[in-house]
Amino acid sequence: MERLRPAAFRKTWRSPLGVCLALAAIALAANGHQALGQEPQRLRLLTYNIHHGEGVDGRLDLARIAGVIKAVDPDLVALQEVDRNTERTGKVDQPAELAKLTGLAVVFGPNIALPGGDYGNAVLSRLPVVAQQNHKLPSHDQGEQRGVLQVELELPGGGTVLLLATHLDHRQGDAERLASAGAINELAIKSPDRPAILAGDLNAVPESKVLQRLLTTWTNTTDKPLPTTPVASPRRQIDYVLVRPAARWKIVEARVLDEAVASDHRALLVVLELTR
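Residues numbered from 1 in each chain as written. Predicted model: local features only at pLDDT ≥ 70, side-chain atom pairs only at ≥ 80, totals over all residues. Heavy atoms only, no water.

Caption draft 1: Representation of the overall build of the protein chain within the structure. Helices and strands together make up the secondary structure of the protein chain, namely six helices and 12 strands. Across the 276 residues that make up the protein chain, the buried fraction comes to 46%. Counting only carbon and sulfur atoms, one obtains 54% of the accessible surface of the protein chain, whose full area is about 13,500 Å². (Helix = DSSP H or I, 4+ residues; strand = E, 2+ residues; numbered from the N terminus. Buried < 20%, exposed > 50% of the residue type's maximum accessible area, 1.4 Å probe, protein only. Areas by Shrake-Rupley, 256 points an atom, 1.4 Å probe, with all protein chains shown as cover.)

Caption draft 2: Inspection of the sheet that holds strand β4 (residues 117–125) at higher detail. Ordered in space as β3-β4-β2-β1-β12-β11, the six strands form an open sheet in which the pairing is mixed. Only two strands of the sheet have a single neighbouring strand rather than two, namely β3 (105–114) and β11 (249–256). For this sheet the average axis-to-axis angle between neighbouring strands, irrespective of direction, equals 20°. Sheet topology places strand β1 (residues 41–49) next to strand β2 (residues 76–84); five bridges connect them, and they run parallel. Looking at β2, one finds that L46 is bridged to V77. This element, helix α4 (residues 94–102), spans β2, β3 and β4 of the sheet and lies at about 140° to β2. (Pairing = 2+ DSSP bridges. Axes fitted to C-alpha atoms, helices over the stretch in contact; angles between N-to-C directions. Contact = heavy atoms within 4.5 Å.)

Caption draft 3: Here's a closer look at the sheet that holds strand β8 (residues 196–201). Ordered by their spatial adjacency, six strands build an open sheet running β5-β6-β7-β8-β10-β9, and the pairing between neighbours is mixed. What marks the edges here is a single partner per strand, and that holds for β5 (129–136) and β9 (219–220). Relative to β8, strand β7 (residues 160–167) is paired through six bridges, and the arrangement is parallel. Within β8, the residue paired with L162 across the bridge is A196. Sheet contacts for helix α5 (residues 175–189): β5, β6 (147–154), β7, β8 and β10 (239–244); angle to β6, the most-contacted strand, approximately 25°.

Caption draft 4: Local environment of the nonpolar core. Counting 24 residues, the largest nonpolar core has L45, L153, L163, I197, V241 and W249 as the members making the most contacts within it. The set of elements that each furnish at least two residues to this core consists of β1, β2, β6, β7, β8, β10 and β12 (268–274). No other element matches the four residues that β12 contributes to this core. Not counting residues up to four positions away in its chain, the partners in contact with V241 are L45, T47, I197, L198, A199, T219, N220, T221, L268 and V270. (Core = buried A, V, L, I, M, F, W, Y, C linked by side-chain atoms within 4.5 Å.)

Caption draft 5: Geometry of the pairing of β4. In terms of burial, β4 is a largely internal element, eight of the nine residues being buried. For β3 and β4, the ladder comprises nine bridges, and the chain directions are antiparallel. Pairing of V107 across the sheet is with V123, part of β4. Linking β3 to β4, which pair antiparallel, is a turn of two residues; within it G116 sits at a positive phi near 90°.

Here it is in structure tokens:
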């Protein structure tokens, strides 16, 4: 095809038909870019307390945990009760091993020192990791140190999403969990317009004061309870995925996985769409 010479182009541009065609092309291009930019980003997120890889049958089996994860093809996974190089789990770097078994990138947030290594939360991600920070949460009465792992992730269509992965205190009484909920809310409101997800084992039922405090800042992705424990016959939901700001998120699906051996919790899968 012959290239249009500058003089010919200027002549075409000056004609009424040329002006109309040029303006139509510009409008179509602009509308195309706008439509593309407005397409929602779909994310498959799994939260799973893996009980340091030990199933209810007493077996330590990370390949089995990885199989549960891979079966639902998640983009993001929030993991709780993860060991790294501890004696009780055979000095295995569980975050690194799970990354290898699933083919996902990993970030680990250690919170408790154990013989030979440490224990905490982890995030597995198909999305590129932009930044990460592990925050220690309030600790009362010499209980186990808890934390929230904050990971900023790059979205395929541009922009980032913040994932906060956590595991709150398990003891009777809400004092420490309420303090932790307040600390997590404070982290979230530092960037009020940034899309964010909070996922993990909150050790609190839907009607608890802990959930009510979190829901002053976050939105629950399950409109009715989805029990995750006890694993053999779940009756209580204590594992959650929460999002903010509410107007940016659409919940496509939320379900508890039908797997009752690999850990003492069932995993919760939530499929989300983030609008632009």
